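Results of the structural survey
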Amino acid sequence: MEVVIKESYEQMSALGAEIVARIVRNKPRSVLGLATGSTPLGIYRELIRMHKDEGLSFFQVVTFNLDEYIGLPPEHPQSYRYFINQNLLDHINVKKENTYLPDGMAENIELACIEYEKKIEEAGGIDLQILGIGSNGHIAFNEPGSSLGSRTRIETLSEETIQNNSRFFPCRENVPRHAITMGIGTIMDARELILLANGEEKAGAVASMIEGPITAMVPATVVQLHRKTTVIVERAAAGRLSRCYPGELQVIRMNRDTK
Ligand code: GLP
């Protein structure tokens, strides 16, 4: 795992976008794993700019989102399909039929989960997965206690996650209680991961993820085991790392032999 601490949200996002662009340029038929939430918005803005100003092409790219709420149709403004269209897919030249999210409206959720895994496999697996982190250490919607080997499945959202995500809804009661999420095992199968975190409210989760013991109670800690992960953290979110010294921007843990 490589941990890079950046001064600002913009710098964090710029590095994230650079990594995505590198993958897409090297392999035009890349399979990208996309995340929602406010954290990756800066990356998406920068990718849209690269597409418009520098001709970065997504024409052959295939995308898979990490998760989707159960019961929200794609046209619902709080659905993750709506979010990712609005904030990225509608503004780049990706073919919409090559963009996938779990089907939160499926009649048979279990089957939809199995099919999602199958689609990822048929696409050749995910080349680069973008991740954020919840303040309780969740990744995608894998809440504390999720099996570290889990696959795409239905998950009940924790109270903390419902509370955090209620800012996107008119009120707390409108936040769905369930979601379909790629499992931790699914995420770990991606050939490369980038995980981003900004803001003081993420500092505890970030410290556990980087310096804590690997535990299902903090699902993000599993990325310590991934063979190619870059964690990009903005200064405030790095505030509780014991090996991060204020005033110095640094790469604090490197595993160059795996890169
Ligand atoms: C949601 C998403 C996660 C995301 C997390 C943090 O729960 N399912 O993928 O990482 O929120 O969101 P934010 O980036 O808005 O802090």
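An unreviewed UniProt entry lists the protein under the name Glucosamine-6-phosphate deaminase, with candidate division NPL-UPA2 bacterium Unc8 given as the organism. Taken verbatim from the UniProt record of the protein, the Pathway (unreviewed entry) comment is "Amino-sugar metabolism; N-acetylneuraminate degradation; D-fructose 6-phosphate from N-acetylneuraminate: step 5/5." Turning to the protein, the UniProt annotation filed under Sequence similarities (unreviewed entry) states: "Belongs to the glucosamine/galactosamine-6-phosphate isomerase family. NagB subfamily."

**Here's the deal with the UniProt feature "active site" (unreviewed entry) in the protein**
Under the present numbering, the feature "active site" (unreviewed entry) in UniProt falls on Asp67, Asn136, His138 and Glu143. Classification of Asn136 by relative accessible area gives buried; the value is 13%. In this view, Asn136 contacts Glu143, Pro144, Ser158, Glu160, Thr161 and Met217; residues no more than four positions away in its chain are not counted. Tracing the backbone shows His138 in the loop between β6 (128-131) and β7 (153-156). Residue contacts for His138: discarding those within four places in its chain leaves Gly132, Ile133, Glu143, Thr161 and Pro219. A distance of 2.9 Å separates the side chain of His138 from the side chain of Asn136, its partner in a polar contact.

Criteria and cut-off values
- Residues numbered from 1 in each chain as written.
- Predicted model: local features only at pLDDT ≥ 70, side-chain atom pairs only at ≥ 80, totals over all residues.
- Heavy atoms only, no water.
- UniProt positions renumbered as here; feature names shortened; annotations may be inferred.
- Buried < 20%, exposed > 50% of the residue type's maximum accessible area, 1.4 Å probe, protein only.
- Contact = heavy atoms within 4.5 Å.
- Helix = DSSP H or I, 4+ residues; strand = E, 2+ residues; numbered from the N terminus.
- Polar contact = N/O pair within 3.5 Å; in protein donor to acceptor, adjacent residues only side chain to side chain.

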